[in-house]
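Summary of structural features
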Amino acid sequence: MPRPFTPKVITANALLEGDVIWFTSKDEWTRDMAAAEILTDEAHATLRLLDAERQQNQVVGAYLADVNIDGGTPAPTHFREEFRLRGPSNYPSHGRAAAEV
Amino acid sequence: MYRYSEFDDAFLAARNAQFRAQVARRIDGSLTEDEFKPLRLMNGLYLQLHAYMLRVAVPYGTLSGAQMRQLALLAEKWDKGYGHFTTRQNIQYNWPKLNDVPDMLDALAEVGLHAIQTSGNTIRNVTADHFAGAAADEIADPRPVAELIRQWSTDHPEFQFLPRKFKIAITGSEHDRAVTRAHDIGLRMVEQDGAAGFEVIVGGGLGRTPMIGKVIKDFLPKADLLPYLEAIVAVYNVLGRRDNKYKARIKITVHENGIEKIRELVEAKYAEIRPAFTGIDQQMLAGIEAQFALPDFTDRDTQPYDVAYKNDPVFRAWADTNLTAHKRDDHAIVTVSVKAHGATPGDATAEQMRLLADLAAQYGHDELRISHEQNVIIPHVARADLPALHAALKAAELGTANVGLISDIIACPGMDYCALATARSIPIAQEISNRFNELKLEHDVGPLKLKISGCINACGHHHVGHIGILGLDRGGVETYQITLGGDGTEDAALGERTGPGFSYEEITPAIERIVLAYLEQRDSAEETFLQAYRRLGLAPFKAALYPEANEKNAA
């Protein structure tokens, strides 16, 4: 049996600001991870990454990141993605999480 | 200090205009990221985890007050109000916007600073002894030579696409404060028959394959330096491996070919190119040297210092740790700790930078240095002015008396910022610093260099820390390995791994156990941690670190 596919989101950095963004199902980029498109099929995920990478004039370095789905909302599985979501631990106020509160 | 010539100004203006156009073309879509990335890297612009990062070279660690003020301006105007001094005497801005970077570079050019060759496979910013020009133990100030190397290496047409990055460090003192043995080329000034020259060390480096550099030339006359450097880099440029990024540094080239063969090739190349160096470089060096003349010192009575030292224990503690002997007895070199307990190592706010510039103007002949240990130096202060200087520093949280102690930690940015990192470094540094401050032990422990890297690339120099910490990702969990016994001085040594790593929660208690074991085992308060380690070896520290293993062995 093939290994089950871990759900993913597409993430990148914004070209102008450099900050962390996620790809939505409407081919747009969001700063709210909860609004990211959740990809549960490997073939579809590969195609969506190509769609994301086509937006060269908006983003840098798009890639697929593993997520856990909790109540329909994606959450990072790896601490690196957790830090990208939260911002630096030495200045919590510089992070996105703090900015949104 | 070196002042830019018309040539320097024109070169920088042209280069900045070129980069401004490249940024515009990236934004309007004419350049893809693949095309733009090498161009931005050549100008010091990285993309990190949360934002772009601009790495500005502080040439051989030397800054004037005006330059420091401009760094403060950049922090305030285009960043989040602070800058991060790095282990290569650079400053990094963690939050610039792509659109703003050309303006930032123009602002830097106004004070003779740039970000050229702070990235890419080129010769990087030359680092130097941070006490250069002031140290009592110095043969001569190495900075004129460092400036000559900066001019020679900047935009050097042959060396813009080396197999890998290339780092040169230089010291004018017998006591090596510039970690010359862990650089691609290390230059240590030595004297022979009354003439100054260099011991040339090649093939040192940290990273995933740490190596102590080897002496390729015992004594190189000063006048032969540039052609000899050019010969080394030319040989490496041809011989260095381009097939494998991890084997591309000159340390591997030296290791695989042997120092004898490298020496032979370098000597042959040197013989070939030496005649082309007709002495223009030496004329230029003479011009540069004149600009690095010592300030006009005046004799000062040290009495205010003596009185404060005797009567004020806070001042005394600071004087004992943060001062270094100056060329003149009535002066001192001040190391300002940018490591207040619990703060991020190397981060300075715009206000702190301005205060340092003001204090340098008032008490220090307008000179500042950045150390690879991420502190700021005011190199020429009359002892009589030290009490006033200390009071001003203290009020700005810059008066911490911990230089050379366990809380004077070197830490790379780690996974809080860096795209390459595999674990965090900064919060580990903060926690260890806070813990030892609580214990009130660090002055009793004495000299102890703790260095933390958040990945195998070793920007935090963990291999040469008396205690080194390396953060890794082990199965999706931050894990920290400890090495002991490293040394970055003239007695350079690589630390030895203690054994299995520790989790994020376990690492600070583990460090505490090592230090307590040292206090228990040292033969006197005079025996430093490193000396005790060299006498005792790893065993007692392993026993303290892994008590479970002892119990198992005893059973």
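Of regular secondary structure, chain B possesses 19 helices and 21 strands. By the compact-globule yardstick of 24 Å for 555 residues, chain B fits well, its C-alpha radius of gyration being 23 Å. Within chain B, the fraction of its 555 residues that count as buried is 54%. Taking all contacts inside chain B whose residues are at least 6 apart in sequence as the whole, residues at least 24 apart take part in 67%.

Moving on, we come to the overall build of chain A. Scanning chain A from N- to C-terminus turns up three helices and five strands. Here the C-alpha atoms of chain A give a radius of gyration of 14 Å, agreeing with the 13 Å that 2.2 N^0.38 yields for 101 residues. When its C-alpha atoms are laid out on the principal axes, chain A stretches across 45 × 30 × 20 Å. In chain A, which comprises 101 residues, the share counted as buried stands at 30%.

A separate point is helix α4 (residues 101-109) of chain B. All names here are of chain B. All of the buried residues along α4 are V101, M104, L105 and L108. End-on, the buried residues of α4 take up no more than an arc of 95 degrees, which puts them together on one face. The secondary structure elements touched by the buried residues of α4 are α1 (6-27), β1 (45-47), β2 (52-57) and α3 (65-78).

So, on to the interface of chain A and chain B. Counting residues at the interface gives 21 residues for chain A, matched by 22 residues for chain B. For the side of chain A that touches chain B, a count of residues per class yields seven nonpolar, 10 polar and four charged.

Another aspect to go through is unusual backbone geometry. Even without glycine at this site, D27 of chain A takes up a positive phi of about 65 degrees. The phi angle at V179 of chain B is positive, at roughly 55 degrees, despite the residue not being glycine. For V179 of chain B, the position within the fold is in the loop between β7 (168-171) and β8 (185-192).

Residue and element names in this part refer to chain B. Taken domain by domain, chain B comprises domain 1 (6-109), domain 2 (142-290), domain 3 (303-395) and domain 4 (410-554). Taken over C-alpha atoms, the centre of domain 1 sits 29 Å from the centre of domain 3. On the domain 3 side, the residues contacting the 21 residues of domain 1 number 20 residues. Elements that contribute at least two residues to the side of domain 1 that touches domain 3 include exactly β3 (62-64), α3 and β4 (82-85).

Residues and elements named next belong to chain A. Counting buried positions along strand β1 (residues 8-14) gives six out of seven residues, so the element sits mostly inside the fold. Where β1 lies against strand β4 (residues 59-70), six bridges are found, and the strand directions are antiparallel. Residue K8 lies in a different strand from β4, and its bridge partner there is D66. Between the end of β1 and the start of strand β2 (residues 20-23), which pair antiparallel, lie five residues, with G18 showing a positive phi angle near 80 degrees.

Attention shifts here to the sheet that holds strand β15 (residues 376-382) of chain B. Residues and elements named next belong to chain B. Across the sheet, five strands lie side by side as β3-β14-β15-β12-β11; this open sheet has antiparallel pairing. Where the open sheet ends on each side, the last strands, each with one partner, are β3 and β11 (323-325). Here the strands of the sheet are splayed against their neighbours by 30 degrees on average, with no regard to which way each runs.

Core analysis: the largest hydrophobic core is formed by 172 residues, its most contacted members being I232 and L356 of chain B. Contact partners of L356 of chain B, with chain neighbours within four places excluded, come to M68, V336, L368 and V376 of chain B.

This brings us to the packing of helix α5 (residues 143-153) of chain B against helix α9 (residues 280-291) of chain B. Residue and element names in this part refer to chain B. At their nearest, the axes of α5 and α9 sit 9 Å apart, and the two run at 130 degrees to each other. With respect to α9, the element α5 is oriented oblique. Two packed elements cross with a definite hand, and for α5 against α9 that hand is right-handed. In this structure, α5 uses P144, E147 and L148 to contact α9, whose residues at the interface are D281, M284, L285, I288 and E289.

Residues and elements named next belong to chain A. With antiparallel pairing, the five strands of this open sheet are ordered in space as β3-β2-β1-β4-β5. Of all the strands in the sheet, just β3 (29-30) and β5 (73-76) have a single pairing partner and so form its edges. Pairing analysis gives two bridges linking β2 to β3, with the strands arranged antiparallel. Residue pairing in the sheet places W22 in a bridge with T30 of β3.

Turning to the packing of α1 of chain B against α4 of chain B, a few remarks are in order. Residue and element names in this part refer to chain B. Orientation of α1 relative to α4, taken along the N-to-C sense of each, is 175 degrees, at an axis distance of 9 Å. By the angle between their directions, the pair α1 and α4 is classed as roughly antiparallel. Across the interface between the two elements, L12, A13, N16, F19, R20 and V23 from α1 touch V101, P102, L105, D106 and A109 from α4.

What follows concerns the environment of E42 of chain A. Residues and elements named next belong to chain A. Within the secondary structure layout, E42 lies in helix α1 (residues 42-53). Judged by the 14 C-beta atoms lying within 10 Å of it, E42 is partly exposed. Spatially, the C-alpha atoms of E42 and T6 are 8.7 Å apart, while their sequence positions differ by 36 residues.

Within the secondary structure layout, G258 of chain B lies in the loop between α7 (250-257) and α8 (259-273). The exposed category is assigned to G258 of chain B, around which 11 C-beta atoms lie within 10 Å.

A word on the pairing of β4 of chain B. All names here are of chain B. Residues Y82 and H84 line one face of β4 and the alternating positions G83 and F85 line the opposite face, and both faces are buried. Here β4 pairs with strand β13 (residues 347-349) via three bridges, running antiparallel. Paired with H84 across the strands is D347, a residue of β13. Of the strand pairs in this sheet, β4 and strand β5 (residues 90-93) are connected by two bridges, and their pairing is antiparallel. When the bridges of β5 are listed, H84 appears paired with Q92. Counting the residues that bridge the hairpin from β4 to β5 gives four residues, and of these Q89 lies at a positive phi of roughly 60 degrees.

Moving on to the environment of E478 of chain B. Relative to the helices and strands, E478 of chain B is located in strand β19 (residues 478-484). With 24 C-beta atoms packed within 10 Å, E478 of chain B lands in the buried category. Here the alpha-carbon distance between E478 of chain B and A423 of chain B, two residues 55 residues apart in the chain, equals 5.4 Å. Among residues more than four places away in sequence, those in contact with E478 of chain B are F79 of chain A together with A423, R424, G471, D473 and Y504 of chain B.

Parameters and conventions
Residues numbered from 1 in each chain as written. Chains lettered and ligands numbered in written order. Predicted model: local features only at pLDDT ≥ 70, side-chain atom pairs only at ≥ 80, totals over all residues. Helix = DSSP H or I, 4+ residues; strand = E, 2+ residues; numbered from the N terminus. Rg over C-alpha atoms; globule rule 2.2 N^0.38 Å. Buried ≥ 20, exposed ≤ 12 C-beta atoms within 10 Å, placed from the backbone. Contact = placed C-beta atoms within 7 Å. Arc of directions from axis to C-beta. Nonpolar A, V, L, I, M, F, W, Y, C, P; charged D, E, K, R; others polar. Domains from an automatic or database assignment. Pairing = 2+ DSSP bridges. Axes fitted to C-alpha atoms, helices over the stretch in contact; angles between N-to-C directions. Core = buried A, V, L, I, M, F, W, Y, C linked by C-beta atoms within 7 Å. Parallel < 35°, antiparallel > 145°, perpendicular 65-115°, else oblique. Left-handed = near helix turned anticlockwise from the far one by under 90°.

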